[in-house]
Structures are given as C-alpha cells and as structure tokens.
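# Fold and contact review
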Amino acid sequence: MFVFALRRIILFFPVLFAILFITFTFGFFAPGDPLEIQFGEDYVLDEEVLARLRNLYGLDRPFWVQFGDYVWKLAQGDMGEPLRVGRGKQSIGEMVWAAFPISAQIGVAAGFLLIFIGIPLGTLAASKQNTWIDYIIVTGSIMGNSIHVIVLAPLMMVISVIWLPDFLEQIFGITWNNKIPIGWHGLFSTRTIMPVSILVITGLLTTVRLTRAGVLEVIRQNYVRTARAKGLLETRVVSKHMLKNSLTPVLTSMGVTLSGLVTGAVFIERIFAIPGFAGMGINAFQSRDYPVILATTMIGASLIILANLLVDLGYGFLDPRVRYE
Amino acid sequence: MSEQAFRATKVEDFEEVKQRSLWLDALERLVRNKTAVFGLFVVSIIIFLAMFGSVLAPKDYLETFMRTDRDPSTVCGRAVCPHEGPSGEYWLGTDKVGRDILSRLMHGARTAVFAAAITIILGQAIGITMGAVSGYLRGIVDDVIMRIVDILYAFPDLLFAAFLSASLRTPIVEFMGNLKARTGWEILDETIIIDYIILFGALAMVNWSGTARLIRGQILSLREQDFIRAEIALGVPTWIIIRKHLVPNAIAPLVVGISSSVGGILLLESSLSFFGLGIQPPAASWGDMINTALPQWRLYPWEVLMPGLLLGIAVFGFNYLGDGLNDALNPRQIRR
C-alpha cells in the first residue's frame, strides 16, 4: 500500500505537467488575442503599440519558449502576473491567496453538510425501502438536483427577499427588511447561509443515492441477518456491518462531489458576488487572461488528483479484497 | 413402477425451463415501480416533443412577434413587443426580442434530447471500453489508460468543456466551410449544425472519464470473485469474460451513472450557455433561454422560470427513470 501511494504521488507530476501542457496549448491556439479582448472594446490600438505590448508580456515568442519559460518560473514558485491591467498590481499568487480560502470554506462547509445529511438520509431511505419515507427522501433530493443553480438562486432570492418579508408584514405585521445576501462576510455570517444551502440542495442527490444503493446491496446479506440474530443493537448493525460495507461507492463519489462543489461554486460565486477561486477562474477565462487560467486550472486539478488518490487508498481500507500491486 | 420412475428422469422427459433474460426480467420489475413509470412518462413526453415539437409548435420559433395589427403606441410604444405576458395568442408570452416562448421551449426539447443521446452514446462507448479493458488487464495498460483518465478527470468539467468549445469553433467552422465548398451541401454551413457538433464533442469528452473509472472500480472488485476465477481456470478467452460476465455484472452502477449523467449533461449545456458557449441564440435551447432572461429576473421572472422548470422536470424525469432502472437491474435488492 505504501509503494502504491508512493507510485501514485510520483505519477502526480506527469499528470499535472500534461494538464499544464494541454491548458497552455489551448490557450496559445485558441481564437481571441488576450490583449485585443482587453483593449478592443474601449480602445483602438495601432499595430505598433500592440506589438510593443506583446513584446512586454512576452507573447511574441515561439510556443515552446513561452511554455518553457512558464514552467521554469512555476518550478520556482512564481505563477506570474495577470495580463489584466488597471486592477491594482496584484500577482497571481496574491490573488489565489486571497480568493482560495473563501471558496475552500464554502466548499468544505457544503461537503460536511452533504456527508452529515446525505449518508443518514440515504441509510434511512434504504432501510425503509418503498415506503413514503423512502419516496420523500429520494424525490426531494432528486428535485434539488434537477433545478439548475442559476434558476434556483434567483428563485430563492425572490422568495426570501421579496415574498417572505411581504408575507410577514401582511399576516403578522412584522417588518423584516431582508437584504439580498450579496458578497462575502465570513463563513459564519448569515449571508453565507443561502450560497452554502444551495450547494447542499443541488449536491445532495449523489450522496443519498449511492448510500441508499450501497445499503440496499448489503441489507439482505446473511451476515447482516446474523448480526441481528445475535442480538446486536440496530444502530450497531447499521454502523458496523452495513455502512462499512456499503460506503465504497459513496467514497468514490466524493472525488466527483469535490469537483462538483468547485464547478457549482462558479455560479454561486457569480450570482452572490463572492470573490472566490472558482469565479476568479471563470472571469479569467472570459477575458482570456491565460496566466490566471493556467494557475486556477492547475490548482483545481491538483486538488482533484489528491482527492482521487485518497479515494483509491480508501478503497483498500474499506474493501480488503482490493489489492494494490 | 421403478422402471417408470427411472424413465421419467431421462433428460428429454423434463419440460424445458423457459430461460428468462436479464432484460425482460428487468422490464417487468421496472413496470411495477410507480416512480420509474412516472420517470418513463416524463422522458417519453420530452422525446415526443423532440420528435414532433416543430410540427406542434403554435408559432415559428424564430419569428419575432410584430404588432402590426394594433396601434404600436398603445401596446409598448414599438412595433416589436418584447416581454409580453401570457395571452391567448402567446400562451407563455414572448421573450426579449418578441419570440413565442412556448414554441421555443418545444424546439428546445429537440436540442436537449439530441445533446443527451449523442453525448451518452459517444461518451459511454468510450468509457465502458476503456474502463473494462483497464480494470481487467491491469498492469501497464491500466496505468496508461488511468493516467489519461486522471488528466481528463482532474480538469474542472466546466472549464474543460468551455475550453474545447471555445477553441474548437474556428477549426470546425473552417472544416465545414471547406467540406461545403467541396460537396455543395448547404446543410454543412448551418451555424446550428456547427453548434451541435461542437457542443456534443465537448460534452462527450468531459463525460467518458467518469464512466471509465466507475467500470474499472467495479471490475477490480468483481474479478476477485470466485466465478471469474472459475472462468479463468476453465480457459475462457479474456474478451468473452469481459463481455459476458464482467460488463453485465458492472451494469447496475453504470445505469445509475448514465441516468445521472443525462441530467448532468442537460445542466452542463445550460452552464455553457451561462458563459455564452452553448447553442447560439437563433437556435432554441433551454439553457440559452434561461441565460438570456437571467439578467432581468427581477422584472420578468417567468422567463427564467419557464425554461428553468422545464429543464428541471426533464432532469427529474431522467433521474427517476434511472433510479427505477437501477432497482430493476439489481435483482438481489428486490427479494425481501
């Protein structure tokens, strides 16, 4: 197992390098000159100025020189400067340092809630299979997953900001001036409730469904019956016998869930104006700010690779029949 | 007497036990499941709309609604009336350039079904093959395939799809232009067709790696089981083991995976539209309709909600159907 982990960690670097290379190639050959996209709308630059700017940013050099230069700088821990001008000179490292903790807090909070709500709900649904409890849990989580974030967010804002205060005022005479929950005010601010809950509502399905399927897989196995027959408490049967054998698919899904929290957070961060990491990547993509795109892609990719490594190691931990060679 | 009993046990005297196929069995169980039937119902409606929506649509989905019959000043001050509320003529109102929303929704169903079907077929075919081969052969093949999967998997979905559709557009438009010049087929020049190709390609490339991983994981744990060892001991060729024994056994989680990925594909298509990279405006797609209406959600919330809820119902139907299929294909779960 140690050798397996070590080999995967060594393999991490080629994968990361390949991702860097693909992203860089996409960026280099994609249509849309970053400088023209930045200036084109407002200014008409003549060729000479453009050529000087290209030279300044090193964009006139051949592909391999630019790529090599980028990798060399990256190896020294320098992610470069954003192409975007006029927004205070912040290096990409500083931008990431400011934006990443925000996205990480939201993602981890949502992930914890997913586990602590999803696994119990899935287990409950499985143990009451084909009853109204099962139907409500499954239907509810499917409904949450079916509505796109960009539809759910306006809907929830309309309800909480316009309809609910109106309703309270007319029925109970309470004046409740609810503000639109925009911006980032720390994890424990009330304005964080809505973004995180939207992430949880839309992401709950995978956890519930896989837990339910996994528990159903083992619920009628002989060893579960034996555990009951020898008089174990139901909680112990569930936690020690059933869950441990049915969580393998749930575990594998956590890798997907993690990346889902990051990509889902793109819309959340856009709509709620949260200055996070995912939003930073998409803003960069829209203005073709390649150094920033490269940095965000690379950091996002590293996270996903690490999550997958943990998942693979977890496979062996939960299912000893899987051997690593 | 004893002779008779002996005769009866001869092979020919037994009535042949009717073989029940996996799929027929599963279909029976599926029909018994109420929620699955509901999902099937929703999915059939969406597919029906995709096939006949263009015939059934009350208006042309590209036509802008011109108020020539009435005095423009009394309606909205202009000849074209955008953001009309629902009326007898336009059941669900008109969008921001005055096109009939209901007709556009009906046309959008075709885009949605096309996107889902083609992406699934392409993506799953690649994913299943890669995953099965990788999980069964292991060793160097496994390493190579899994590294490719890792690379694709590690890319954030949305960003990868966005990259592909942004950078593939120019070459594909050029290629189609050349092809048109050579063959003279007008259809190749349609922007809608080009949009479709780019979108499907991007979505399929995002989609296959998850399946490959899932199948590989299933097969890794299946191949340790006794019936596979027996096959190997009997000398059954590798590809028959994969096709006849490993893939059918790995299919239940795959079906859940496919069903949730149909929903995911429809949602991802809308997400691409959010960044202006999906189906481009003259063509009708639910994602594009949501996103053109999104900036004005406070003033015209129904324009976001109608395509949004229809998209939601479609995704919901596919998810329900998938859950039902999962229960139906996994006979062990049904016995109480």
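In case you missed it, the structure is sitting above this.
Summarised in this report is the structure supplied together with it. (Residues numbered from 1 in each chain as written. Chains lettered and ligands numbered in written order. Predicted model: local features only at pLDDT ≥ 70, side-chain atom pairs only at ≥ 80, totals over all residues. Heavy atoms only, no water.)

Further remarks concern the environment of Ala-284 of chain A. All names here are of chain A. Note that Ala-284 resides in helix H12 (residues 277-286). When the C-alpha positions of Ala-284 and Phe-63 are compared, they lie 21 Å apart, and in sequence the two are 221 residues distant. Here Ala-284 is in contact with Asp-289, Val-292 and Ile-293, once residues within four sequence places are set aside. (Helix = DSSP H or I, 4+ residues; strand = E, 2+ residues; numbered from the N terminus. Contact = heavy atoms within 4.5 Å.)

Below, the discussion takes up the packing of aromatic side chains. Scanning the entire structure with this criterion turns up eleven aromatic pairs over all chains. A centroid spacing of 5.2 Å and a plane angle of 55° characterise the contact between Phe-48 of chain B and Phe-52 of chain B, whose relative ring orientation is tilted. Taken as a pair, Phe-48 of chain B and Phe-52 of chain B lie in helix H3 (residues 34-56) at a separation of four residues, close to a single helical turn. Relative accessible area serves as the criterion here: at 43%, Phe-48 of chain B is assigned to the partly exposed category. The exposure class of Phe-52 of chain B is partly exposed, given its relative accessible area of 37%. Taken together, the ring pairs in this structure connect Phe-17, Phe-21, Phe-24, Trp-64, Phe-67 and Tyr-70 of chain A into an aromatic cluster. (Phe/Tyr/Trp six-rings, centres within 6.5 Å; stacked < 30°, edge-to-face > 60°. Buried < 20%, exposed > 50% of the residue type's maximum accessible area, 1.4 Å probe, protein only.)

Counted according to the given criterion, the structure contains seven cavities of 30 Å³ or more. Looking at the second largest cavity, its volume works out to about 120 Å³. Residue classes in the lining of the second largest cavity are distributed as three nonpolar, five polar and four charged. (1 Å grid on protein atoms, 1.4 Å probe; cavity = no way out; pocket = protein on both sides within 12 Å on 5 of 7 lines; lining within 4 Å. Points joined across faces, edges and corners; volume = space filled by probe spheres on them. Nonpolar A, V, L, I, M, F, W, Y, C, P; charged D, E, K, R; others polar.)

Even without glycine at this site, Ala-273 of chain A takes up a positive phi of about 55°. Inspection of the secondary structure assignment puts Ala-273 of chain A in the loop between helix H11 (248-271) and H12.

For H3 of chain B, spanning 23 residues, the distance from its first C-alpha to its last is only 29 Å, which falls clearly below the expected 33 Å at 1.5 Å a residue. Bending of H3 of chain B peaks at approximately 50° at the position of Ala-50 of chain B. (Expected span 1.5 Å × (residues − 1). Bend = angle between axes of the 7 residues up to and from the residue.)

Once that is clear, we can look at the interface of chain A and chain B. At the junction of the two partners, chain A supplies 59 residues and chain B supplies 57 residues. At the boundary of chain A with chain B, total buried surface from both sides reaches about 5,300 Å², with 66% on carbon and sulfur atoms. The interface formed by chain A and chain B includes zero salt bridges. Remark: the boundary between chain A and chain B carries six residue pairs in polar contact (both at pLDDT 80 or more). At the level of elements, helix H1 (2-29), helix H6 (132-146), helix H7 (149-171), helix H8 (193-219), H11, H12 and helix H13 (290-318) of chain A are the ones that each hand at least two residues to the side of chain A that touches chain B. (Buried area = accessible area lost by both parts, 1.4 Å probe. Salt bridge = Lys/Arg side-chain N within 4 Å of Asp/Glu carboxyl O. Polar contact = N/O pair within 3.5 Å; in protein donor to acceptor, adjacent residues only side chain to side chain.)

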